[in-house]
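Residues per chain, in single letters:
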Amino acid sequence: HLEIAVVALVLISYANLRGLREAGRMFAVPVYSFVVMLAVLIVTGVTRQILWGLPQYDPGHIAGTVPVHQGNGLIMGASILVILRAFANGGTSLTGVESIADAVNIFRKPQGINARRVLTSMACILGFLLVGVVYLVHATHAAPFIAEYPSMLSEVARAVFGNEVIGHILYLLLQTASAAILFFGANTSFNGFPALASFVAEDSFLPRQLMKRGHRLVYSNGIITLAALAVILLLVTRGSVNALVPLFAMGVFTGFSMAGFGMTKHHLTHREPGWRHKLAVNLSAGILSTVVVGIFAVAKFTEGAWLIIVIFPVLVLALMRLNREYRSEAAVLRQFRTDHPALKSYARHHVFA
């Protein structure tokens, strides 16, 4: 699986280097296929449940499922941690919306309105799919396996579509679309990171080379940098999902927290019309995102979350140092525009070709 993941990552990087439109056309097929197949699953499952009732699993008598016990006292108290972890893991389904906010400038005009429409549509589709699948899991009593295979979506699809020829074909189509969306979901980062990195580089907190566009008018340096870092991360973790998910979720929700609190400060400072409503929305988003980060930091600390906790402060200090260097260089250049460099004497000259 590691080799397949690396090859898929290289192909996604190459597609994005060819241009935004070309990459969008390539990745639109698995996205729409997954949405359509999941919608077929939900509609079919809900219809069967209402009219005839869905078959139900008996996890207690199936070998390999995760055992669930009942208890009180300490066990009931520990279940709160389980619920918090489930909340944090479920929150990862919201990731991807940040790529729309990072790439508003590449939408057609009016950019803000079009980006808002896409974000609203994405939220509605996500809500429908998430609630529908959760309902079917509840209706079929599907349970996770210790070996993580078969997946719960696979169990639900087996129960909903049945074992007939048409049902088996629909099951295979759903599994294929699910695999494709998991691979091509990485394209979200290639859409969001290069544009976001260019904004940060423009503010002198990242190397200026990340602002450069290639001949296809994409941020080629940002795409290549992201691909290289992603390959290194895959090799270090051996492609382990358990090790990568905490890193991914903590990084995304840390950004959500900073965005929520930053917009809270913005509304408190400017107090534009309707600022109280917007303040409540952004403040609650910042608080909930911080809760998710805290849960992952505690529950997944030994599974890779410690890396984010250690590296994040180091990266912040390094980027602040880079910003000071850029500002000092800008101050020297401004001085050269006002002073007379011909009157100055230098012991040594450095010439860059």
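Keep in mind the model is a prediction, meaning the values are calculated, not measured. (Residues numbered from 1 in each chain as written. Predicted model: local features only at pLDDT ≥ 70, side-chain atom pairs only at ≥ 80, totals over all residues. Heavy atoms only, no water.)

## A few points about the overall build of the protein
The helix and strand inventory of the protein stands at 12 helices and 0 strands. Counting helices and strands in the order they occur from the N terminus, the protein gives α-α-α-α-α-α-α-α-α-α-α-α. Seen through its principal axes, the protein has C-alpha atoms that stretch 90 × 50 × 45 Å. Contacts spanning at least 24 positions in sequence make up 69% of the contacts within the protein whose residues lie at least 6 apart. A total accessible area of about 22,800 Å² is found for the protein, and carbon and sulfur atoms account for 70% of it. (Helix = DSSP H or I, 4+ residues; strand = E, 2+ residues; numbered from the N terminus. Contact = heavy atoms within 4.5 Å. Areas by Shrake-Rupley, 256 points an atom, 1.4 Å probe, with all protein chains shown as cover.)

## What about helix α1 (residues 2–17)?
Between its terminal C-alpha atoms α1 stretches 23 Å, which fits the 22 Å expected from 16 residues at 1.5 Å a residue. All of the buried residues in α1 are Leu2, Ala8, Leu9, Ile12, Ser13, Ala15 and Asn16. The buried side chains of α1 occupy one side of the element, clustering within an arc of 160° when seen end-on. Exposed residues on α1 whose side chains face more than 90 degrees from its buried face are Glu3, Ile4, Val7, Leu11 and Tyr14. Note on α1: the residue one or two positions beyond its end, Gly19, has a positive phi of about 130°. (Expected span 1.5 Å × (residues − 1). Buried < 20%, exposed > 50% of the residue type's maximum accessible area, 1.4 Å probe, protein only. Arc of directions from axis to C-beta.)

## Digging into the packing of aromatic side chains
Aromatic ring pairs: the centre-centre distance and the angle between the two ring planes describe each pair. Under the counting rule described, the total for this entry stands at 1 aromatic pair. Residues Phe253 and Phe256 carry aromatic rings whose centres are separated by 5.3 Å and whose planes lie at 80° to one another, so their mutual orientation is edge-to-face. Taken together, the positions of Phe253 and Phe256, both in helix α10 (residues 241–270) and 3 residues apart, correspond to about one turn of that helix. Taking the relative accessible area as the measure of exposure, Phe253 reaches 4% and is therefore buried. Between the NZ or CZ atom of Arg158 and the centre of the ring of Tyr171, over which it lies, the distance is 3.8 Å. (Phe/Tyr/Trp six-rings, centres within 6.5 Å; stacked < 30°, edge-to-face > 60°. Lys NZ or Arg CZ within 6 Å of the ring centre and 35° of its normal.)

## As for a nonpolar patch on the surface
Side chains of Phe87, Phe261, Leu283, Ile287, Leu288 and Val291 sit close together on the surface and give an oily, nonpolar patch of about 500 Å² of accessible area. Among the elements that line the nonpolar patch, the one with the most residues is helix α11 (residues 275–299), at 4 residues. Inspection of the secondary structure assignment puts Leu283 in helix α11. Residue Leu283 is classed as partly exposed on the basis of its relative accessible area of 34%. (Patch = residues over 30% accessible without salt bridge, like charges linked within 9 Å, V, L, I, M, F, W, Y side chains within 5 Å. Salt bridge = Lys/Arg side-chain N within 4 Å of Asp/Glu carboxyl O.)

## Here we look at the environment of Glu155
Within the element layout of this structure, Glu155 appears in helix α6 (residues 152–161). Classification of Glu155 as buried rests on a relative accessible area of 6%. Between the alpha carbons of Glu155 and Ala143 there is a distance of 8.3 Å; along the sequence they are 12 residues apart. Among residues more than four places away in sequence, those in contact with Glu155 are Tyr57, Ala142, Ala143, Phe145 and Pro150.

## Notes on the packing of α1 against helix α8 (residues 187–202)
Put simply, α1 and α8 touch, their axes get as near as 10 Å, and they point 45° apart. By the angle class used here, α1 and α8 are oblique. Note on packing geometry: the crossing formed by α1 with α8 is right-handed. Taken together, the residues of α8 that come into contact with α1 (itself represented by Leu9, Ile12, Ser13 and Asn16) are Asn187, Phe190 and Asn191. (Axes fitted to C-alpha atoms, helices over the stretch in contact; angles between N-to-C directions. Parallel < 35°, antiparallel > 145°, perpendicular 65-115°, else oblique. Left-handed = near helix turned anticlockwise from the far one by under 90°.)

## Digging into the side chain of Ser204
Looking at the secondary structure, you find Ser204 in the loop between α8 and α9 (220–237). Look past the residues within four positions of Ser204 in its chain and what remains in contact with it is Leu322, Asn323 and Tyr326.

## Quick notes on the environment of Val351
Summarising the element assignment, Val351 is placed in the segment after α12 (305–338). With 347 residues separating them in the primary sequence, Val351 and Ile4 have C-alpha atoms 46 Å apart.

## Things to note about the pattern of salt bridges
Tallying each qualifying case throughout the model produces 1 salt bridge. Put simply, Glu325 and Arg321 hold a salt bridge, and the shortest N to O gap is 3.3 Å. Here Glu325 pairs with Arg321, and both are found in helix α12, just 4 residues apart, close to one helical turn. Residue class for Glu325 comes out partly exposed when judged on its relative accessible area of 35%.

## A closer look at the side chain of Ser13
Tracing the backbone shows Ser13 in helix α1. With residues near it in sequence (within four places) discarded, Ser13 still touches Phe190, Ile223 and Ala227.

## Let's talk about the nonpolar core
Within the largest apolar cluster, 19 residues are counted, with the highest numbers of intra-cluster contacts made by Leu38, Leu41, Leu136, Val160, Phe161 and Leu174. Per-element accounting of this core gives the leading share, 5 residues, to helix α2 (residues 20–51). Look past the residues within four positions of Leu136 in its chain and what remains in contact with it is Leu41, Ile42, Gly45, Val46, Leu54, Val156 and Val160. (Core = buried A, V, L, I, M, F, W, Y, C linked by side-chain atoms within 4.5 Å.)

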